[in-house]
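Given next are the chains, with one letter for each unit.
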Amino acid sequence: MKIHFLGTRGNVEPSAPYHSKHSGILIEEKVLFDVGEKEFLDHNPEAVCITHLHPDHAFFVKNHKEDLPDVPVYAPENNNGIIRLSATREISGLTVTPVPTFHSKHVQSQAYIIEKGKKKILYTGDMIWIKKTHHHKLKHLDLVITDGSYFRKGGMIRRDKQGNIYGHQGIPQLVNLFRKFTPHIIFTHFGSWFYKDIQESRKKLNSFDMKISAAYDGMQTEV
Ligand SMILES: [Zn+2]
Ligand SMILES: [Zn+2]
């Protein structure tokens, strides 16, 4: 399965050339997961799957819906012609399964399990956690691509009066969550911690006792 990282910048101002575009990955050059920049549509995807309707993952939230191409656009919730994806679906030769995630107070969010042949990966947008009841779906992942917003332990998690949590988990906890399911994690969607000294930040990611990589805009890989 071919994975093409189009954008790896989180919800921060651009400050580094290889991390200047918001989130988006193209699988098999056919299906786009998150569309943080309008220019990603120049790849002519056959379908688009969005993790959540925040503008750094869905550029059109701030702009106009007419900007969207005439292809199926899936998301965790219905919104102006966007299709809610709540069960496994075949999309352009990929088997795509949504997995609900905790992230925002105002929008729904989900990760996607993407399968082709014997290969199976997970792509998440911003997230705090995935409920235990969904963990059985995460078995035997060849790769996890997830949220690099916060390196510090505990990330940035807020709690409202009803006890709902929202925000981002820290990288150490995400490593602990996903290491049970995969031998390889690629972080993307980098927050400000990453840009202070990119070389040093890459070293920090390499310091875990498992295979961890940092994505960059334009990076292509295969599982
Ligand atoms: Zn984001
Ligand atoms: Zn978000």
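Just above, that's the structure.
So, a few notes on the structure that sits alongside this text. In this text, all values refer to a predicted model and were calculated from it rather than measured experimentally.

## A look at the coordination of the zinc ion (ligand 2)
Six octahedral donors around a metal ideally make angles of 90 or 180 degrees; four tetrahedral donors ideally make 109.5 degrees.
Phase 1 of the analysis: Coordination of the zinc ion (ligand 2) by the protein is provided by H52 (NE2), H54 (ND1), H103 (NE2) and D126 (OD), with metal-donor distances spanning 2.2 Å.
Phase 2 of the analysis: Taken together, the 4 donor atoms surrounding the zinc ion (ligand 2) define angles of 91 to 164° at the centre, an arrangement classified as irregular.
Phase 3 of the analysis: Here the donor residues of the zinc ion (ligand 2) are spaced in sequence according to H-x1-H-x48-H-x22-D.
Phase 4 of the analysis: Metal-to-metal, the separation of the zinc ion (ligand 2) and the zinc ion (ligand 1) is 3.6 Å; D126 coordinates the two.
Phase 5 of the analysis: Residue classification places H52 among the buried positions, given a relative accessible area of 0%.

## Digging into the sheet that holds strand β2 (residues 24-27)
Phase 1 of the analysis: The strand order across the open sheet built from 7 strands is β6-β5-β4-β3-β2-β1-β16, with neighbouring strands paired in mixed fashion. Each edge of the open sheet is held by one strand with a lone partner, namely β6 (83-84) and β16 (220-222).
Phase 2 of the analysis: As judged from the 3 bridges shared by strand β1 (residues 2-7) and β16, these two strands associate in the antiparallel manner. Bridge pairing in β16 places H4 opposite Q220.

## Quick look at the pattern of salt bridges
Phase 1 of the analysis: If you walk through the whole model with that rule in mind, you get 5 salt bridges.
Phase 2 of the analysis: Linking R9 and E37 is a salt bridge whose minimum nitrogen-to-oxygen distance equals 3.8 Å. Linking R9 in the loop between β1 and β2 with E37 in the loop between β3 (31-33) and β4 (47-49), this pair joins segments that are 28 residues apart in sequence. Taken as a pair, R9 and E37 share a single burial class, namely buried.
Phase 3 of the analysis: Among the ionic pairs, E39 bridges to K21, the shortest N-O distance being 3.0 Å. Here K21 lies in the loop between β1 and β2 and E39 lies in the loop between β3 and β4, a separation of 18 residues in the sequence.

## Observations concerning the coordination of the zinc ion (ligand 1)
Phase 1 of the analysis: Summarising the metal site, the zinc ion (ligand 1) is bound by the protein donors D56 (OD), H57 (NE2), D126 (OD), D126 (OD) and H189 (NE2), whose distances to it range over 2.1 to 2.6 Å.
Phase 2 of the analysis: Taking relative accessible area as the criterion, D56 reaches 5% and is therefore assigned buried.
Phase 3 of the analysis: Assessed through its relative accessible area of 3%, D126 is described here as buried.

Rules used in this analysis
Residues numbered from 1 in each chain as written. Chains lettered and ligands numbered in written order. Predicted model: local features only at pLDDT ≥ 70, side-chain atom pairs only at ≥ 80, totals over all residues. Heavy atoms only, no water. Donors = N, O, S within 2.8 Å, 3.2 Å for Na, K, Ca; no water. Tetrahedral: all angles 85-135°; square planar, octahedral: opposite > 155°, others 65-115°. Buried < 20%, exposed > 50% of the residue type's maximum accessible area, 1.4 Å probe, protein only. Pairing = 2+ DSSP bridges. Helix = DSSP H or I, 4+ residues; strand = E, 2+ residues; numbered from the N terminus. Salt bridge = Lys/Arg side-chain N within 4 Å of Asp/Glu carboxyl O.

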